[in-house]
Each structure stands twice: as structure tokens, then as C-alpha cells.
Amino acid sequence: MNEIKLHWLFLGSLINNIAVSTVWPLTTVYMHDALGKSLTEVGIILFLYSSSNVLGNYISGKLFDRHNRYILTIMGIITSVLISFGLIFFNGWPYYPIGLVLFGFTTGWNLTMINSLGTTVKMKSGRFIFNMLYLAQNVGVVFGTIAVGFIYPIGIGYVFMLTTAILIIYGISAILTYHKEGSIYPIKRDAMKKTKVKLPRPNWIIVTTFFVTLAIIWIVYEQWVSNMSVYITGSGIPLSMYSLLWTLNAFLLVVFQLLINWIAQKHDSLYFQIYFGILFIGLSFFTLIFTHTYTGFVISMIVLTLGEASVIPSIPALVNELTPVEVKGKYQGLTNAWAAIGKAIGPLVGGIIIDATSYGLLFIVCTITCVVIILGSELIARYSRKKVTKYSE
């Protein structure tokens, strides 16, 4: 078939996430320490970054269903290269936050393009494709975060030199390998213009339910990314040891993804995989209620990572299964947009709870929230699940 080979999509996901992961880990540190901005100002910029990411996800998903996907993908990569190249020379205030917000837009654009192109590949099941794309993303995070740790002390300009070089490599790879007719136009454009495609109501109910579920999952998960750093260092554990937890997270994600892919071949249930993942994310916060030692934090991170590996790639796979080819790009863009919304407001929600009460109550709220969204999602989806129309496996 004249479609993009899976390994080229995986390579694109890997390279793109290496580039992205050289930027986001240093944002708070750089703006606070080097540019002298308050954490409130930093939080506002990060919110704008996430908001532009949502916009990039949504717009690219809509355009994906109507226009030449090859051109749209290359446009996104070229724009990313230009923004990153500009930040090599202009990384002071206000150029850095402006560039960061623009970079967030292209980050969302590129991620949706990769995931949406994954829906055009018919050689493997949607579950396998999205599991492997998520695996590639996390391997990219490993390499990107390691690289920025060594390069940032030399100078932020060198970080963006690396990011630009990596994105150029991605662009060359995409130019040479993504121009496949089966992936550019999976259906005839004339037919798309004549008919406005709508999801069957049962499909719409389930997809919308899991969009909201995904946003809530990321609100909970972001407590580990943001507020837990203060909690752990406040327990007398150095920041370097907190960073090591994320190295463990990235390594275990690779292991758990391979394990889950193997299990999925024998037990085929995306719903179970989603609920299993949410349960373990909740359990990671439940264990935090009782631990104040580094060993306990390691155990909590292992539990969190197992949950993450199970649920995060399963929701886009389910959305792919329940959406027709005419609107797959739109709904993959919405999937990423809902995730970005959760990431944007997660630190703020957690901060409000901590300031008003305590970390202990935050952990209890996160645990209960995970249980509630499992029950709520299942109650809403159970009736509709019997009547859904499946478009792809």
C-alpha cells in the first residue's frame, strides 16, 4: 500500500520529542533565575504556552481532514525550525516568552500531524500504532532531558542550536518519507465536500466522555510534574534526586509499553486498559499519603508510570477506533487539545488546594478523583458501548 511506513512515523515522533524535551524542562529555571521573573509570571507564560498548544492541536486537526497532509506537516516543521533558530539569538525578555508561546503552537501542530498520520496506516491495529508512537515520544523525552542537562550550563543559545539541528533532521526525514498518496488523501476530497460527517450519537457520547476523562487525568498527573518537586525537596531530598525519578519514569515507560503491547495481543480491551491505568495513577497518590522517604517516592513513581503507560496511549487509540476516516484528524487534534487543557490548569488547581489546605488533602483528592472518573466514565459509556460503530481496529 502506498502509505507512510510505520518506522518513519516512529522516527518522526522520536526526533520531534527530543527537540521539544530540550525546551520545556528549562523554562521555569531559565525565566526565574536568568530572566528574574516571579513564579506567578512564569506560571502565566506556561499557561499561554499550553493554550497555544491547544490551538495548534485543534487547528491542525481540522486542516488535516481537508487539505494535503504532507504540506501541512512540512509547514509545521519549518515553522518550528524558524522559531527555534530565532531563539538562538533572541532569548531575553520579552523575546523568549513570545518565542516559547509560538513554539507551543507548532509543538501542538506537529504532534497532531504525527498522530493523525498514524490513523492512515492500516498495516497494524490502532492500539499498536498509538502505543508505539507514545513509546517513541517517551524515548525522545529521555534523550532530550539528558541532553539539556549537559548543554544548558554552557548557555541557552546552545540549547536552541541543538533543538534547531534536531528539527532540521526531522524535516529532512519527513520530506523524504512522508510523501505517500495513501496518507496524503485517504479519501476523495470531493466526497468530503458534499457530505458533512457526524459521529453516531453513541460514538460521540463515548468520545466526549473520554476527552473529559483525559483532561482530568492530566490535571491529576501534573501534580507530579509541578507541585511534587516542592513537596519532595521540602522533605529534605535534593532536587537532583527528584529529577532522577523522571529518568526512572522514562525508562520504565519503555519497559511497560513493551509489556502492555504483548499483553494486548492476548487480551483485547481498550476500556479495561484505560480503567487499569487510571486506577494505578490514583494508587500512586494513595501511597504518597503514607510515605515521606525517597524509597516511598520511588515506589509511587513506579506505580504512576505503570498507570501512565496503560491509559495515555489507549484513549487516542479508542478515539481512532470510534471515528470515521473523514474526521480522524479533527478528533486526534481534540484528543491532544483536551490533554493540553489538563496540563495547563493542573498546576494551578493543585496549587490552590495546597495553599488552602495541605499536600495530604491534595493526595486524597487525587486518589478519590481517579476512582470517581473510573466509575463515572464506565456508567456513561456502558450503555452507549453496546451501540457504537467501529471504524478501525
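I will try to describe carefully the structure that is included in this document. The shown structure was predicted, so the numbers you read here are calculated from the model rather than taken from an experiment. Within any chain, residue numbers begin from 1 and follow the written order of that chain's sequence. Side-chain atom pairs in this predicted model are given and counted only at pLDDT of 80 or more, local residue features only at pLDDT of at least 70, and totals for whole chains, interfaces and linings cover all residues. Values reported for side chains reflect all heavy atoms of the structure, with hydrogen atoms and water molecules removed beforehand.

### Here we look at the pattern of salt bridges
Argument step 1. Each salt bridge in this description consists of a side-chain nitrogen of Lys or Arg and a carboxyl oxygen of Asp or Glu lying within 4 Å of one another. Overall, the coordinates contain 1 salt bridge when judged by the stated rule.
Argument step 2. With a shortest N-O distance of 3.1 Å, Arg-382 and Glu-378 are connected by a salt bridge. Taken as a pair, Arg-382 and Glu-378 lie in helix H17 (residues 359-385) at a separation of 4 residues, close to a single helical turn.
Argument step 3. Note on exposure labels: buried denotes an accessible area under 20% of the residue type's maximum, exposed denotes more than 50%, and partly exposed covers the range between, all computed with a 1.4 Å probe on protein chains only. The class of Arg-382 is partly exposed, set by a relative accessible area of 48%. Each helix is a run of H or I in the DSSP string that is no shorter than four residues. Each strand is a run of E no shorter than two, and both are numbered from the N terminus.

### Some remarks on the packing of helix H5 (residues 95-118) against helix H7 (residues 156-177)
Argument step 1. Lines are fitted to the C-alpha atoms to define the axes, a helix being fitted only along its stretch in contact, and any angle between axes, read from their N-to-C directions, falls within 0 to 180 degrees. For the pair H5 and H7, the least separation of the axes is 14 Å and the interaxial angle reads 25 degrees. Classified by the interaxial angle, the pair formed by H5 and H7 is roughly parallel. Of the two elements, H5 crosses H7, and the hand of that crossing is left-handed. Contact residues: Tyr-96, Phe-103 and Ile-114 in H5; Ile-156, Phe-160, Thr-163, Leu-167 and Tyr-170 in H7.
Argument step 2. In terms of residue class, the contact of H5 with H7 is made up of 7 nonpolar, 1 polar and no charged. Here the angle decides the label: under 35 degrees means roughly parallel, over 145 means roughly antiparallel, 65 to 115 means roughly perpendicular, and every other value means oblique. In this scheme the handedness of a crossing depends on how the near helix is turned from the far one: anticlockwise by less than a right angle means left-handed, clockwise means right-handed. Contacts: residue pairs with any heavy atoms within 4.5 Å of one another. By the convention adopted, Pro, Cys, Tyr, Trp, Phe, Met, Ile, Leu, Val and Ala count as nonpolar, Lys, Arg, Asp and Glu as charged, and the other residues, Gly among them, as polar.

### Focus on the packing of aromatic side chains
Argument step 1. The criterion for an aromatic pair is that two Phe, Tyr or Trp rings (for Trp, the six-membered ring) have centres within 6.5 Å, with stacked assigned to planes under 30 degrees apart, edge-to-face to planes over 60 apart and tilted to the rest. One pass over the full model with this rule turns up 18 aromatic pairs.
Argument step 2. Pairing Phe-285 with Phe-363 gives two aromatic rings, centres 6.5 Å apart and planes at 40 degrees, and the pair type is tilted. Placement of Phe-285 in helix H13 (residues 270-288) and of Phe-363 in helix H17 is noted, with a sequence separation of 78 residues between them.
Argument step 3. By relative accessible area, Phe-285 is classed as buried at 0%.
Argument step 4. Of the residues examined, Phe-363 reaches a relative accessible area of 1% and is grouped as buried.
Argument step 5. If you follow Arg-69 out to its NZ or CZ, it ends over the ring of Phe-64, 4.0 Å from the centre.
Argument step 6. The criterion for a charge sitting over a ring is simple: Lys NZ or Arg CZ within 6 Å of the ring centre, and within 35 degrees of the ring normal. In this structure, Lys-343 is placed above the aromatic ring of Trp-218, and the distance from its NZ or CZ to the ring centre is 4.4 Å.

### Quick look at the environment of Leu-252
Argument step 1. Residue position: Leu-252 is located in helix H12 (residues 239-264).
Argument step 2. Separated by 37 residues in the primary sequence, Leu-252 and Ala-215 have C-alpha atoms spaced 23 Å apart.
Argument step 3. Once residues lying within four places of it in the same chain are set aside, the contact partners of Leu-252 are Ile-302 and Thr-305.

### So, the environment of Met-301
Argument step 1. Topologically, Met-301 is positioned in helix H14 (residues 294-311).
Argument step 2. Residue Met-301 is classed as buried on the basis of its relative accessible area of 0%.
Argument step 3. Separated by 85 residues in the primary sequence, Met-301 and Ile-216 have C-alpha atoms spaced 19 Å apart.
Argument step 4. Leaving out residues up to four positions away in the same chain, Met-301 has contacts with Trp-224, Leu-245, Trp-246, Leu-248 and Asn-249.

### Observations concerning the environment of Ile-373
Argument step 1. Examined against the element boundaries, Ile-373 turns out to sit in helix H17.
Argument step 2. For Ile-373, a relative accessible area of 9% puts it in the buried group.
Argument step 3. On a C-alpha basis, the gap between Ile-373 and Ser-38 in space is 35 Å, while along the polypeptide they are 335 residues apart.
Argument step 4. Discounting chain neighbours no more than four positions away, the residues touching Ile-373 are Thr-213, Ile-216, Ile-217 and Ile-278.

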